[in-house]
Amino acid sequence: MENPNVYEKIQFLKKNHDNLVLEMYFVTKDTTIKKAILENKTSEKLLKNFLEILEKQIDENTIYRDIKDLDETTTENEYFYFENTKIYDKLSHLINFWENKKIEDSKSVEKDIYGLIFKIKTHNDYLLIYQQCYGINILKKNSFFSLFTQGGVFKNIDMDILNISYRVDFLIDKDFFVILNLKPLEKQYGYKEIIAKEASNTIDVIRGMNFISNLKILEDSIKKNAKKIKNINKDVL
């Protein structure tokens, strides 16, 4: 696969800003996806802010690396990607989800929100932004006593609150799945286990060559150095 055409896609969306619509979806840990109906002004503000963020993070010089080459050497303005035809199975529910089944509308801030999807769409094209959710994102009125100020007076916010960060973790369209933030991929979606398994397989290959008698040090370092171990060039051993 050639490098993902992310920059071109963002520029296309920017030029067609007047025809864009942003929709928001809740993703739960069991992969259920529900649509959150946004007020028009809220949708327009989120759209504007996310496009500005993407323009800052991605330009014509951005480097993309296949996820199979994941290591410790990531640099600024460099991101990893999956080919959509070889997507990690735990991410597959985030692709084309609206085509597979009827999406229910959410009537409230769901208590088990795991992530948010923002779908930026035109008449015949789209871009998905995925943002991982954490405890700080969801404030349930039964768990917090939230306040706001009005005219110098503090008042109670008697409702559930969803805090949305101006952060992009994954970018998805029909041709690419780009990882802008590795943390949720490795931790929340368990990809570090895939890395550790690949590192373990590399050690097994080395063991089979029978020229290193003690691999215990290498085995004990998998948790810390899995990315380095999995990328050992076995052809030169």
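Read on for a plain summary of the structure. (Residues numbered from 1 in each chain as written. Predicted model: local features only at pLDDT ≥ 70, side-chain atom pairs only at ≥ 80, totals over all residues. Heavy atoms only, no water.)

### Observations concerning the overall build of the protein chain
(1) Moving on: Along the protein chain, the regular secondary structure elements total seven helices and 13 strands.
(2) Moving on: Considered along the principal axes of its C-alpha atoms, the protein chain spans approximately 75 × 45 × 40 Å.
(3) Moving on: The 237 residues of the protein chain split such that 43% are buried.
(4) Moving on: Carbon and sulfur atoms provide 49% of the accessible area of the protein chain, an area that totals close to 14100 Å². (Helix = DSSP H or I, 4+ residues; strand = E, 2+ residues; numbered from the N terminus. Buried < 20%, exposed > 50% of the residue type's maximum accessible area, 1.4 Å probe, protein only. Areas by Shrake-Rupley, 256 points an atom, 1.4 Å probe, with all protein chains shown as cover.)

### What about the packing of helix 1 (residues 6-15) against helix 2 (residues 40-57)?
Angle between the axes and distance between the axes are the two parameters that describe a pair of packed helices.
(1) Moving on: Here helix 1 crosses helix 2 at 145°, and the two axes come no closer than 10 Å. Of the two elements, helix 1 crosses helix 2, and the hand of that crossing is left-handed. Residue-level contacts link Ile10, Gln11, Leu13 and Lys14 of helix 1 to Leu51, Leu54 and Glu55 of helix 2.
(2) Moving on: Looking at the contact of helix 1 with helix 2, its residues break down into four nonpolar, one polar and two charged. (Axes fitted to C-alpha atoms, helices over the stretch in contact; angles between N-to-C directions. Left-handed = near helix turned anticlockwise from the far one by under 90°. Contact = heavy atoms within 4.5 Å. Nonpolar A, V, L, I, M, F, W, Y, C, P; charged D, E, K, R; others polar.)

### A word on the packing of helix 5 (residues 191-208) against helix 7 (residues 222-230)
(1) Moving on: Direction vectors running N to C along helix 5 and helix 7 enclose 70°, while the axes themselves pass 8 Å from each other. Taken together, the axes of helix 5 and helix 7 are roughly perpendicular relative to one another. Regarding helix 5 and helix 7, the two cross each other, and that crossing is left-handed. Of the residues in helix 7, those touching helix 5 at Ile195, Ala196, Glu198, Ala199, Ser200, Thr202 and Ile203 are Ile222, Ala226, Lys227, Ile229 and Lys230.
(2) Moving on: Across the contact of helix 5 with helix 7, the residue classes tally to seven nonpolar, two polar and three charged. (Parallel < 35°, antiparallel > 145°, perpendicular 65-115°, else oblique.)

### Looking at the packing of aromatic side chains
(1) Moving on: Tallied over the entire structure, the rule returns 12 aromatic pairs.
(2) Moving on: On the basis of an interplanar angle of 80° and a centroid distance of 5.0 Å, the ring pair of Tyr88 and Tyr191 is categorised as edge-to-face. Taken together, the residues span a long stretch of sequence, with Tyr88 in the loop between strand 4 (78-82) and helix 3 (97-100) and Tyr191 in helix 5 at a distance of 103 residues. Pair check on accessibility: Tyr88 and Tyr191 agree, each one buried.
(3) Moving on: Taken together, Phe82, Tyr88, Tyr114, Tyr130, Phe170, Phe177, Tyr189 and Tyr191 form an aromatic cluster joined through their ring pairs. (Phe/Tyr/Trp six-rings, centres within 6.5 Å; stacked < 30°, edge-to-face > 60°.)

### Overview of the pairing of strand 2 (residues 33-36)
(1) Moving on: Both strand 1 (residues 21-28) and strand 2 contribute to a ladder of four bridges, which runs antiparallel. Paired with Met24 across the strands is Ala36, a residue of strand 2.
(2) Moving on: Between strand 1 and strand 2, which pair antiparallel in sequence order, lie four residues; one of them, Thr31, sits at a positive phi of approximately 75°.
(3) Moving on: One ladder, built from three bridges, connects strand 2 with strand 5 (residues 104-106); its direction is parallel. If you follow Lys35 over to strand 5, its bridge partner there is Asp105. (Pairing = 2+ DSSP bridges.)

### Focus on the sheet that holds strand 1
(1) Moving on: With mixed pairing, the nine strands of this open sheet are ordered in space as 3-4-13-12-7-6-1-2-5. Each end of this open sheet is capped by a strand with a single partner; those strands are strand 3 (63-66) and strand 5. With strand direction ignored, the average angle separating the axes of adjacent strands in the sheet is 30°.
(2) Moving on: Taken strand by strand, helix 1 contacts strand 3, strand 6 (113-121), strand 7 (126-132), strand 12 (170-172) and strand 13 (177-179), and its axis lies near 110° from that of strand 7.

### What to know about helix 7
(1) Moving on: Three or more residues of helix 7 are buried, namely Ile222, Ala226, Lys227, Ile229 and Lys230.
(2) Moving on: In the core, the buried residues of helix 7 are packed alongside helix 4 (182-186), helix 5 and helix 6 (216-220).

### Things to note about a nonpolar patch on the surface
(1) Moving on: A contiguous nonpolar surface patch, about 400 Å² in accessible area, is contributed by Phe145, Leu147 and Phe154.
(2) Moving on: Following the sequence through the fold, Phe154 ends up in strand 10 (residues 153-157).
(3) Moving on: For Phe154, a relative accessible area of 60% translates into the label exposed. (Patch = residues over 30% accessible without salt bridge, like charges linked within 9 Å, V, L, I, M, F, W, Y side chains within 5 Å. Salt bridge = Lys/Arg side-chain N within 4 Å of Asp/Glu carboxyl O.)

### What about the environment of Ile195?
(1) Moving on: Note that Ile195 resides in helix 5.
(2) Moving on: What makes Ile195 buried here is its relative accessible area of 3%.
(3) Moving on: Sequence spacing of Ile195 and Ile222 is 27 residues, and the spatial spacing of their C-alpha atoms is 9.3 Å.
(4) Moving on: Ignoring anything within four residues of it in the chain, the contact list for Ile195 reads Leu70, Glu186, Ala226, Lys227 and Lys230.

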